[in-house]
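One letter stands for each residue in the lines below.
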Amino acid sequence: TLAGGPGTFGTIFKIDINSKTPPTILKSFGTNGSVTDPGYQPNSLIQAADGSFYFTNGVGIYQLIVDPATGASTVVTLFTFPLDPKTLLLTNGSGSTSLLQASDGNLYMPMNTAPQTAQGGGTQGAIGRLNPSTSPPVFDSVMRFATDGSQGNPPFSILTEVAAGGFDGH
């Protein structure tokens, strides 16, 4: 959930579709004093081939690790979309809205803002890629949509990997 839950800043939960029990909260996001939990207001979630959960909240990409024995969860920040303090540019873009793990093992995401090189730029959006298996994880932008809008802008859907290589989206 994007908001609400015990911490009021969203939850990640699981549901047993074969029972009528309430959802089990895997992670509740909140604040501790003036510090907000990393990954607050999650807006996407996937379970990857390695069994881990990955999610984004538009400002970063995170991994949720759940201990199967205790149910305790830990959020690991894999990448945050930095705002350059001198130029106030989002040099890697931002606003990821969903995730897909492709057959190459990388996580791909549509982004509302493409990497910016000038104030007001990047509004056409982009497709980003994160390699979660490197340490630290490596992020790059693999495609920027045309600035004139001829390719549409910005992407705001779940990507689908197609057999011929590449992705479909809208």
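As a starting point, this report considers the structure included with it. (Residues numbered from 1 in each chain as written. Predicted model: local features only at pLDDT ≥ 70, side-chain atom pairs only at ≥ 80, totals over all residues. Heavy atoms only, no water.)

## Thoughts on the pairing of strand β13 (residues 138–144)
The sheet contact formed by strand β12 (residues 126–131) and β13 spans six bridges and is antiparallel. Each bridged residue has a counterpart across the sheet, and for Leu-130 the counterpart in β13 is Phe-139. Linking two consecutive strands that pair antiparallel, namely β12 and β13, is a turn of six residues. (Pairing = 2+ DSSP bridges. Helix = DSSP H or I, 4+ residues; strand = E, 2+ residues; numbered from the N terminus.)

## Some thoughts on the sheet that holds strand β6 (residues 53–56)
The sheet built from four strands is open, its strands ordered β5-β6-β7-β8 with antiparallel pairing. Every other strand in the sheet has two partners, leaving β5 (46–47) and β8 (73–80) as the edge strands with one partner each. Bridging between β6 and strand β7 (residues 60–66) involves four bridges; their strand directions are antiparallel. Each bridged residue has a counterpart across the sheet, and for Thr-56 the counterpart in β7 is Ile-61.

## Regarding the pattern of salt bridges
Inspection of the entire model under this criterion finds two salt bridges. Close ionic contact of Asp-37 with Lys-27 constitutes a salt bridge, the shortest N to O distance being 3.8 Å. On the criterion of sequence distance, the pair formed by Asp-37 in the loop between β4 (35–36) and β5 and Lys-27 in strand β2 (residues 24–28) is long-range, its members being 10 residues apart. (Salt bridge = Lys/Arg side-chain N within 4 Å of Asp/Glu carboxyl O.)

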